[in-house]
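# Chain and residue survey
Listed below, chain by chain, are the residues.
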Amino acid sequence: MTTYKIALLKGDGIGPEVVQAAHQVLEAVARKADFSLSFEEALIGHAAIEATQNPLPEETLEVCQKADAILLGAVGHPQYDEDPRRTVRPEQGLLSLRKSLGLYANVRPIQVFEELREVSPLRPEVIAGTDIVFYRELTGGIYFGQPRERRDEGNTALDTMIYTRAEVRRIAHKAFTAAMARQKRLCSVDKANVLESSRLWRETVNEIARQYPEVQVQHMYVDNAAMQLIKNPRFFDVVLTGNMFGDILTDEASQITGSLGMLPSASLGDGVGLFEPIHGSAPDIAGQGIANPMATILSTALLLELALQQPGAARMVRQAVQATLAAGFRSPDLAHAHTPPAMVLKTEAITQKIIDFLP
Ligand code: IPM
Ligand code: MG
């Protein structure tokens, strides 16, 4: 029987709670399937800074490099917001991890659960049938561009938005490949009316598009894309975009589904992949046991499918989440005025339901 090694990076805030939940679901799935899993925990983010002064200790990187897949909770701590000039920050751990492992493709599916139509701030008829997948470039752009510094005695600050043709080509190939397996529509989002890096982006996407003649390509400025996403989300199939635009648009798109607490993601490169919820560390609710674990649990479905090539097990996890919602159970973030209080379950209880609903 194959044994897969999973690195567990719980991180900060609600990270440990949601990873714990996802860990239990993975154990339960493995018991039903014909593979086994071994887990190794490592520190990242604020937790790692506290223990080692380093948001991504060398040991964590080693654990990740040896693993077949990485499951991460979230990083971030309010302590750093009081002093924005601090350069050692929890987020740095995640950014260094992405960079060190070459995880250049961030895949973020946005799907509407029928059962949660009421939760979205958008009207049900607007969101019905939404099925988008974002391909966000993850190791380039303004997040990593040099120089980035203070000048003029701290009174001037700069970051650099930079893309190379090679960086755009490799993420574009991933997005076009995804489009071929979906509705064959790809929308590339940029700001080519203003930014030179976006003009290179657009030119390169057009070059790659010639290798995928069946895919219908559209270019959209990011401001317009932000508007179209809430005006007509069904318009989008695959969205291909850079690091910062993708960061912003995927938080926006999460509201189509009703809660950031439902959205999984995969960060892929040429080696080991990283799987994590889109949401952050949510310090306001950390430690209360009320976090919605479903984004992390759904991230394990992506992990099973994309890293371990276990599509059957991935389906089981998705079905269990679906069944839990269909039975009327809700995590606190998904509850609304008409949800019977008895159906609102905290992290551990809703995780147990999901495990019980595994086919
Ligand atoms: C995300 C997060 C990260 C990002 C932060 C935590 C650095 O917002 O994964 O979307 O900006 O990429
Ligand atoms: Mg973000």
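The following refers to the structure shown. (Residues numbered from 1 in each chain as written. Chains lettered and ligands numbered in written order. Predicted model: local features only at pLDDT ≥ 70, side-chain atom pairs only at ≥ 80, totals over all residues. Heavy atoms only, no water.)

## Some points on the packing of helix α1 (residues 15-32) against helix α10 (residues 294-307)
Inclusion rule: With axes taken as lines fitted to C-alpha atoms, and helix axes fitted only over the stretch in contact, angles between N-to-C directions fall between 0 and 180 degrees. Secondary structure counts use DSSP, requiring at least four H or I residues in a row for a helix and at least two E residues in a row for a strand, with both numbered from the N terminus. For classification purposes, angles smaller than 35 degrees are called roughly parallel, those larger than 145 roughly antiparallel, those between 65 and 115 roughly perpendicular, and all remaining angles oblique. Should the near helix be turned anticlockwise from the far one by less than a right angle, the crossing is left-handed, and should it be turned clockwise, the crossing is right-handed. Contact criterion: two residues are considered in contact whenever any of their non-hydrogen atoms come within 4.5 Å of each other. Residue polarity follows a fixed list, in which Ala, Val, Leu, Ile, Met, Phe, Trp, Tyr, Cys and Pro are nonpolar, Asp, Glu, Lys and Arg are charged, and the others, Gly among them, are polar.
Contact pair α1 / α10: the axes reach a minimum separation of 8 Å and the direction vectors enclose 45°. As judged from the angle between their axes, α1 and α10 are oblique. Two packed elements cross with a definite hand, and for α1 against α10 that hand is right-handed. Listed contacts from α10 to Val18, Val19, Ala21, Ala22, Val25, Leu26 and Val29 of α1 are Thr296, Ile297, Thr300 and Leu304. Broken down by class, the residue content of the contact of α1 with α10 amounts to nine nonpolar, two polar and no charged.

## Here's the deal with the nonpolar core
The condition is simple: Throughout, nonpolar core names a set of buried Ala, Val, Leu, Ile, Met, Phe, Trp, Tyr and Cys residues whose side chains join them through atoms within 4.5 Å. Exposed residues in this analysis have more than 50% of their type's maximum accessible area, buried residues have under 20%, and partly exposed residues fall in between, with area computed by a 1.4 Å probe over protein chains only. An automatic or database domain assignment supplies the start and end points of every domain.
Counting 66 residues, the largest nonpolar core has Leu71, Tyr135, Phe176, Leu240, Met262, Leu304 and Val321 as the members making the most contacts within it. Among the elements that line this core, the one with the most residues is α1, at eight residues. Two domains each put at least three residues into this core: domain 1 (1-103 + 261-359) and domain 2 (120-257). Sequence-distant contacts of Tyr135, defined by excluding residues within four places in its chain, comprise Asn106, Val107, Ile171, Lys174, Ala175, Ala178, Val238, Val239, Leu240 and Thr241. If you look at the next biggest cluster of nonpolar residues, it comprises 20 residues, including Ile110, Val222, Phe236 and Ile278.

## Thoughts on the side chain of His279
For His279, the position within the fold is in the loop between β12 (273-277) and α10. For His279, a relative accessible area of 9% gives the class buried. Not counting residues up to four positions away in its chain, the partners in contact with His279 are Ile14, Val18, Ala74, Leu260, Gly261, Asn292, Ala295 and Thr296.

## Regarding the pattern of salt bridges
Note that side chains of opposite charge can pair when their charged atoms are close. Here is the rule we go by: Any Lys or Arg side-chain nitrogen found within 4 Å of a carboxyl oxygen on Asp or Glu counts as a salt bridge.
Counting across every chain of the model gives 18 salt bridges. Here Arg318 makes a salt bridge to Glu305, at a shortest N to O gap of 2.8 Å. Taken together, the positions of Arg318 in helix α11 (residues 311-326) and Glu305 in helix α10 put the pair 13 residues apart, joining distant regions of the chain. Overlapping salt bridges bring together Arg165, Arg169, Glu203 and Glu207 as one network.

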